[in-house]
Amino acid sequence: ANPQHVFVSSGTFIVKLIAYGNGKSHAILDTITVSAVPKAMLVTRIEVLDYPSHKGTKTWDSPITGSPPPDIYVKMFALGNVFTSTRSDNTQKGDLPLSWPVHDFSATFFDHGLEIGMYDADDLDKDDFMCGEQINIRNYIGKQIIDITSSESGCRFRLYVKWLY
């Protein structure tokens, strides 16, 4: 088993690791810096970098004449918080990246994750879910830019974030 130690405060510490085996031991001494854990992640901007071209064998807005490209908007969910962007009508791949400022969206429960979804707005019927992904925020602590790719659909998002300590 790998030993673990949880530091209850930030600071600089001297750590000693001792390995035992074959009747011998070896020690390594190192200085580490432990940073404070943030209290919240603020998302300041979201971008759509790519989206799936088709819905199965059809384009997003078929059977509309001429099959226009999708009218894209995004939704983000974190425990107790929701953000919905405005929509970008008839979005071609050449229009990417799409970018929206985000106001008043934060995540404070890092183990509950963040969910992002991309949708094609349809005026005549229900909006189509295009793709999405859920991430564990804890895996991104300290990063200012978070790139997210859906392994199933190929949709790609970029989040710009700030951390509150």
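Quantities reported herein were computed from a predicted structural model and do not represent experimental measurements.

A.B. asks: Quick question: what am I supposed to make of the sheet that holds strand S8 (residues 114–120) here?
C.D. replies: Each strand in a sheet pairs with another by means of backbone hydrogen bonds, the pair being arranged parallel or else antiparallel. Spatial ordering of the open sheet is given by S5-S4-S8-S9, a layout of 4 strands whose pairing is antiparallel. At either end of the open sheet lies a strand with only one pairing partner, and these are strand S5 (81–84) and strand S9 (128–135). Direction aside, neighbouring strands of the sheet carry axes that sit 15° apart on average. Pairing of strand S4 (residues 72–78) with S5 involves 4 bridges; the strand directions are antiparallel. Bridge pairing in S5 links Phe77 to Val82.

A.B. asks: Mind showing me how you'd approach the packing of aromatic side chains here?
C.D. replies: To describe a pair of aromatic rings, one takes the distance between the centres and the angle between the planes. Scanning the model with the defined rule gives 3 aromatic pairs in all. Plain terms: the ring middles of Phe110 and Trp163 are 5.9 Å apart, the flat faces sit at 80° to each other, and that makes the pair edge-to-face. In this pair, Phe110 sits in the loop between strand S7 (106–107) and S8 while Trp163 sits in strand S11 (residues 156–164), placing the two residues 53 residues apart along the sequence. On the basis of relative accessible area, Phe110 is assigned to the buried category, the value being 4%. Assessed through its relative accessible area of 10%, Trp163 is described here as buried. A cation over a ring is seen here: Lys75 above Tyr119, with NZ or CZ 5.6 Å from the ring centre. Geometry around Tyr51 places Lys93 over its ring, the cationic atom sitting 4.6 Å from the centre.

Calculation criteria
Residues numbered from 1 in each chain as written. Predicted model: local features only at pLDDT ≥ 70, side-chain atom pairs only at ≥ 80, totals over all residues. Heavy atoms only, no water. Pairing = 2+ DSSP bridges. Helix = DSSP H or I, 4+ residues; strand = E, 2+ residues; numbered from the N terminus. Axes fitted to C-alpha atoms, helices over the stretch in contact; angles between N-to-C directions. Phe/Tyr/Trp six-rings, centres within 6.5 Å; stacked < 30°, edge-to-face > 60°. Buried < 20%, exposed > 50% of the residue type's maximum accessible area, 1.4 Å probe, protein only. Lys NZ or Arg CZ within 6 Å of the ring centre and 35° of its normal.

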